[in-house]
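# Inside the fold
What follows is each chain in one-letter form.
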Amino acid sequence: MEEVRIKFMKIFNNLPEKVRMEDIIVVIDEKPYTWNSAFIEVKNETELGQRILKRLVSLEIL
Amino acid sequence: MSEEKDKGEYLKELVLARLDVMPSNYKLSVGNQGTFTKMQLMDSVRRESSLGKQIIGMQVNFIKALTSGELTKVIAQ
Amino acid sequence: MERILLVTRPQYDGGTAYLSHYAKLVLEFAERRGIEKKDFPGKDANKKEVLKYVSKKNPKLIFVNGHGDEGALEGDKDEILFSVEDGLKLLRDKAVYARACHAGILFGPEMVKNNNGCFIGYISPFSFWIDEARSSTPLKDKTAALFLRPSNEIVNSLIAGRTAKEAYEFSKKKMIESMQKIFKMNQQNEPGAMGLLEILWTNYQGQVLYGNEEFVF
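The structure contained in this document is the topic of the report that follows. (Residues numbered from 1 in each chain as written. Chains lettered and ligands numbered in written order. Predicted model: local features only at pLDDT ≥ 70, side-chain atom pairs only at ≥ 80, totals over all residues.)

### Comments concerning the overall build of chain B
Counting its secondary structure elements, chain B contains four helices and two strands. Along chain B, from the amino end to the carboxyl end, the secondary structure elements read α-β-β-α-α-α. With respect to the three principal axes, the spread of C-alpha positions in chain B is 40 × 35 × 25 Å. Residues counted as buried form 38% of the 77 residues belonging to chain B. At a minimum sequence separation of 6, the contacts of chain B that also span at least 24 residues come to 32%. (Helix = DSSP H or I, 4+ residues; strand = E, 2+ residues; numbered from the N terminus. Buried ≥ 20, exposed ≤ 12 C-beta atoms within 10 Å, placed from the backbone. Contact = placed C-beta atoms within 7 Å.)

Structural data, given as structure tokens:
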């Protein structure tokens, strides 16, 4: 999972701020998350962050 | 098989969320399919009609362009 | 071949209405440049009239607006004007810009085979967002303009003497400028930026040029 987390961070680092703020990248439990809100969860290694990463892998976004 | 089905459903869910933030006064003219409101687009995605599949395809391509860095590279020109 | 611009502008649904209004800007540009032109608006954009004109007057540059599919270009009410089975010979050595869907997949490559013509079009659905609040005045619709003005630049550039490759690249440059404009949009007052960007990206990626890249009108 650490590899996936690093992959997410690398992609995030390369995104323009407007995309980070406005682009919805995942929906978990019917709640949409933008790149920014996903970043917060992934960076802080929350349970939601783990779910986000798994979902992004299953969607082949990561 | 159920993994694939889940992936399809999660992808639809994502595409619907992305469409949902479009202003309701906007319509999308899609080639030879016609011109559609946000609600009509979302409905087509739910039903996986040919239009719905096209919309999903366009969004997937866009996301790939984001994650690969291709879009950023082009816009930075 | 005659230095004539032919433009088809069917207008039978929301999408073609917008294409028609924006294509008229190209006709106006041609007028200012003293270029002979032939406009096929509305119901005039039918197979009989268009093919008759092409056969008789041999225009060098053809701008088709409307719907299409992989193997055909369409006119009024989806009537096929040219297809891979019918009418390709009339397009030999000409430049065709098809502001239509998917014709870049099959029609374009077939059209330019064994001649000096060129084709600019799309391998994806040419799409654009419309602001419904502006739909009665399409030329004032700033949202649609993000998509349709860059696409107009293909024909404008050819009229202005650029090569096909230069026209193709200039149009893509204008699409990038549209993307950059979207980045300046304020989220609160102008929501929907990502949706606009997605579709602009589809058109950008999907635009193709085949045949004689050095073609000059």
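Next comes the rest of the write-up.
### Let's talk about the packing of helix 3 (residues 50-68) of chain B against helix 6 (residues 193-206) of chain C
Helix 6 of chain C packs onto helix 3 of chain B with a crossing angle of 85 degrees between their chain directions and a minimal axis gap of 9 Å. Comparing the axis directions of helix 3 of chain B and helix 6 of chain C gives the class roughly perpendicular. Contacts between helix 3 of chain B and helix 6 of chain C involve B:Met58, B:Gln59, B:Asn61, B:Phe62 and B:Ala65 on the former and, on the latter, C:Glu198, C:Ile199, C:Trp201, C:Thr202 and C:Gln205. Considered class by class, the residues forming the contact of helix 3 of chain B with helix 6 of chain C number five nonpolar, four polar and one charged. (Axes fitted to C-alpha atoms, helices over the stretch in contact; angles between N-to-C directions. Parallel < 35°, antiparallel > 145°, perpendicular 65-115°, else oblique. Nonpolar A, V, L, I, M, F, W, Y, C, P; charged D, E, K, R; others polar.)

### Digging into the interface of chain C and chain A
Contact with chain C, which involves four residues of that partner, is made by five residues of chain A. By residue class, the composition of the side of chain C that touches chain A is three nonpolar, one polar and no charged.

### Regarding the environment of C:Glu166
All names here are of chain C. Position of Glu166 relative to the elements: it lies in helix 5 (residues 164-183). The partly exposed category is assigned to Glu166, around which 16 C-beta atoms lie within 10 Å. Taking the C-alpha atoms as reference points, Glu166 and Glu110, separated by 56 residues in sequence, lie 22 Å from one another.

### Looking at helix 4 (residues 142-159) of chain C
Along an α-helix, residues three or four positions apart point the same way, because every turn accommodates 3.6 residues. Residues and elements named next belong to chain C. Helix length check: helix 4 (18 residues) gives 24 Å between terminal C-alpha atoms against 26 Å at 1.5 Å per residue, within 8%. In helix 4, a bend of some 30 degrees at Leu148 exceeds every other bend along the element, and Pro150, a proline, comes one to four places later. The buried fraction of helix 4 is high, at 16 of 18 residues. Of the residues trailing helix 4, Gly161 is marked for its positive phi of about 100 degrees. (Expected span 1.5 Å × (residues − 1). Bend = angle between axes of the 7 residues up to and from the residue.)

### Regarding the pairing of strand 1 (residues 26-30) of chain B
Among the five residues in strand 1 of chain B, five count as buried, and that is most of the element. Both faces of strand 1 of chain B are covered, namely the face carrying B:Tyr26, B:Leu28 and B:Val30 and the face carrying B:Lys27 and B:Ser29. Of the pairings in the sheet, the one linking strand 1 of chain B to strand 9 (residues 127-131) of chain C comprises five bridges and is antiparallel in character. Among the inter-strand pairings, B:Ser29 is bridged to a residue of strand 9 of chain C, identified as C:Phe128. (Pairing = 2+ DSSP bridges.)

### What to know about the nonpolar core
All names here are of chain C. Of all hydrophobic cores here, the largest spans 103 residues; its most connected members are Phe63 and Leu200. No other element matches the nine residues that helix 4 contributes to this core. When neighbours within four sequence positions are excluded, Leu200 is seen to be in contact with Leu146, Phe147, Met175, Ser178 and Met179. (Core = buried A, V, L, I, M, F, W, Y, C linked by C-beta atoms within 7 Å.)

### Quick look at the sheet that holds strand 2 (residues 34-37) of chain B
Ordered by their spatial adjacency, three strands build an open sheet running 2(B)-1(B)-9(C), and the pairing between neighbours is antiparallel. Sheet topology places strand 2 of chain B together with strand 9 of chain C at the edges, where each strand pairs with a single neighbour. When the angles between neighbouring strand axes are averaged without regard to direction, this sheet yields 25 degrees. Against the sheet, helix 1 (residues 14-32) of chain C touches strand 1 and strand 2 of chain B together with strand 9 of chain C, its axis set at about 85 degrees to strand 1 of chain B.

### Looking at the pairing of strand 8 (residues 118-122) of chain C
All names here are of chain C. With five of five residues buried, strand 8 lies mostly within the body of the structure. Side chains Cys118, Ile120 and Tyr122 of strand 8 all project onto a buried face; the interleaved residues Phe119 and Gly121 project onto the opposite face, where all are buried too. Relative to strand 8, strand 7 (residues 95-99) is paired through three bridges, and the arrangement is parallel. By the bridge assignment, Val96 is partnered in strand 8 with Phe119. Examined bridge by bridge, strand 8 and strand 10 (residues 207-211) share five bridges and lie antiparallel to one another. Across the sheet, Ile120 pairs through a bridge with Leu209, a residue of strand 10.

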